[in-house]
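If you want the building blocks of each chain, they are given just below.
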Amino acid sequence: MLDPRYVADHTEEVRKALARRSSEAAALLDQVTPMLARRRELVGSTEKLQKERNQASEEMAALAKSGDKAGMAARREALKALSEQVKALEAELTKVESELEEQLLAIPNIPHASVPDGKVEADNPVIRTWGEKPNFDFAPKPHWEVGEALKILDFERAAKLSGSRFAVLFGAGARLERALISFMLDLHTGEHGYTEVYPPYLVRAEALRGTGQLPKFEEDLFKTKRADPNDPAALYLIPTAEVPVTNLHADEILDEAELPRAYCAFTPCFRSEAGPYGKDVRGIIRQHQFDKVELVRFARPEESLAELERLTMHAEEVLRRLGLHYRVVEHVPPDLGAAATKGYDLEVWLPSHQAYREISSCSLFGDYQARRAKIRYRPEPKAKPRLLHTLNGSALAVGRTWVAILEQYQQADGSVVIPDALRPFMGTDRIQLAK
């Protein structure tokens, strides 16, 4: 959430920054501006009357000591009237602040000044490319054909169980998923210094509000229904481990010495994916349930840009160890996530698409999430707490990594070579159809 004081004091600056995202984002300020003005007016009036009330109370105490009963009675009536006015103003101020917060929750973050301009996703500049596209002496197949031929991927049985946009992995396919998860967690905890977390897969609405999924993305979430009709606190299946892991420190004040703090977590993720079921989403590229290893970092504001570069390199290292050709693009403002102020996508090459596809998104949120979730740190003992900066990135989306391995490492005989880094976890150097 944006800082209401900053928005009030720099309205046009904020409007111009949001216009870099879209005219619709900038227009959201039109509803907020009059509310900010009313809030400022109410704060001024309330503080003035509170001062008068305090003064009247002191005068009444002095009259009580002097024995002036008539003057004391008059002052008591004046104090009562002032107290009622203050109470009414405070009630209105509480209402305005509540409505203002709801409006601010709908406004996306301001793009960082270093974010390049652009209008659409295609404008995202390529920052770097790693590796070479695989060179096949045969016509490469899409991962769903490779997987089905090897009998490690089954959509029909998944549909029988759950409907469309689900898959069942068998044998070496299931083991490859597990191997990728173990490899990623071992890399991040053993070499990159992350603390592994195993969080709940169900969270309250407050956690989703803290990271920005609510209220904006309510329709993308799977919401549960309590068996007890008297319990109104419905839980949501997590769309990403970012939600529970970031909210681990909601309503907390961390010591500066604890920063940066870094967590990694494997979880399944649940999203109600919408849109047509065509070539771009065929197979397991876009599923309602998928696995992901997520990185979350908490940083001092002055170090957060460097932390974003560090987190992005940690995600890239997974692809490099696996020998998968990819590129890094930077988000232009319209392609930034609503809560992000700056970010990168890692895009892996998929021969079946003859295109790059996102496999990780690494984002800096500034204090946007921290303000929502009230995550702060104390710069020094007894100092006033400050909002810290949050960051997160997939490292990686496991299913899409599974896809990239099948497509980039497929062989003419239909088998799939296992990257060297995964062989200790797989116990084999190749997936092939059992004879």
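Along each chain, residues carry numbers from 1 onward, in the same order as the chain's sequence is written. In keeping with the model being predicted, local features are shown solely for residues with a pLDDT of at least 70 and side-chain atom pairs are shown and tallied solely at 80 or more, while totals for entire chains, interfaces and linings include all residues. Hydrogens are left out, water is left out, and the side-chain values use all remaining heavy atoms of the structure.

**Overview of the pattern of salt bridges**
Criterion for a salt bridge: a side-chain nitrogen of Lys or Arg within 4 Å of a carboxyl oxygen of Asp or Glu. Inspection of the entire model under this criterion finds 24 salt bridges. For arginine 15, the salt bridge identified is with glutamate 12, shortest N-O distance 3.4 Å. Taken together, the residues span about one helical turn, with arginine 15 and glutamate 12 both in helix H2 (residues 11–19) at a distance of three residues. Measuring nitrogen to oxygen at the nearest pair gives 2.7 Å for the salt bridge that ties glutamate 347 to arginine 327. Residue glutamate 347 is found in strand E11 (residues 342–350), and its partner arginine 327 is found in strand E10 (residues 326–330); the two are separated by 20 residues along the sequence. Classification of glutamate 347 by relative accessible area gives buried; the value is 7%. Helix and strand assignments come from DSSP, with helices taken as H or I runs of at least 4 residues and strands as E runs of at least 2, each series counted from the N terminus. For every residue, the accessible area obtained with a 1.4 Å probe (protein chains only) is divided by the maximum for its type, and the residue is called buried under 20%, exposed over 50%, and partly exposed between those limits.

**Some points on the sheet that holds strand E12 (residues 355–364)**
If you walk across this open sheet you meet the eight strands as E1-E10-E11-E12-E15-E9-E8-E4, and the pairing is mixed. The open sheet has two edge strands, strand E1 (126–130) and strand E4 (195–197), and neither has a second partner. On average, adjacent strands in this sheet sit at an angle of 25° to one another, irrespective of strand direction. Most of the contacts of helix H8 (residues 171–190) go to strand E9 (residues 289–299), to which it runs at about 5°, and overall it touches E4, strand E8 (261–270), E9 and strand E15 (389–397). Here the rule is simple: two strands pair whenever DSSP picks up at least two bridges between them. Interaxial angles span 0 to 180 degrees and are taken between N-to-C directions of axes, which are lines fitted to C-alpha atoms, for helices over the stretch in contact. Note on contacts: a residue pair is in contact if any heavy atoms of the two residues lie within 4.5 Å.

**With respect to the sheet that holds strand E7 (residues 252–255)**
Spatial ordering of the open sheet is given by E7-E13-E14, a layout of three strands whose pairing is mixed. Since the sheet does not close on itself, it has two edges, and those belong to E7 and strand E14 (386–387), each with one partner. Bridge count between E7 and strand E13 (residues 375–378): four bridges; the pairing is parallel. Its bridge partner lying in E13, aspartate 255 is registered against arginine 378.

**Quick look at helix H11 (residues 304–322)**
Owing to its 3.6 residues per turn, the α-helix aligns residues three or four sequence positions apart on the same side. How far a helix is expected to stretch is found by multiplying one less than its residue total by 1.5 Å. Over its 19 residues, H11 runs 28 Å from end to end, which matches the ideal 27 Å to within 8%, given 1.5 Å per residue. Buried within H11 are the following residues: Ser304, Glu307, Leu308, Leu311, Thr312, His314, Ala315, Glu316, Val318, Leu319 and Leu322. Directly after H11, the chain includes glycine 323, whose backbone phi takes a positive value near 70°.

**A few points about the packing of aromatic side chains**
Each pair of aromatic rings taken from Phe, Tyr and Trp, with Trp reduced to its six-membered ring, is defined by centres within 6.5 Å and is described as stacked if the planes are under 30 degrees apart, edge-to-face if over 60, and tilted in the remaining cases. Applying the stated criterion across every chain yields a total of six aromatic pairs. Ring centres 6.3 Å apart and planes at 70° place the aromatic pair phenylalanine 183 and phenylalanine 425 in the edge-to-face group. Here the residue phenylalanine 183 occupies a position in helix H8, and phenylalanine 425 occupies one in helix H14 (residues 423–426), the gap between them amounting to 242 residues. What makes phenylalanine 183 buried here is its relative accessible area of 7%. Measuring from ring centre to ring centre gives 5.8 Å for tyrosine 198 and tyrosine 201, while their planes differ by 70°; the resulting arrangement is edge-to-face. On the basis of relative accessible area, tyrosine 198 is assigned to the exposed category, the value being 65%. Tyrosine 201 gets classed as partly exposed once you look at its relative accessible area, which sits at 25%. Two thresholds decide whether a charge sits over a ring: the Lys NZ or Arg CZ must be within 6 Å of the ring centre and within 35 degrees of the ring normal. A cation over an aromatic ring shows up here: lysine 133 above the ring of tryptophan 349, its NZ or CZ 4.1 Å from the ring centre.

Keep in mind that these numbers describe shape and distance, not what the molecule does.
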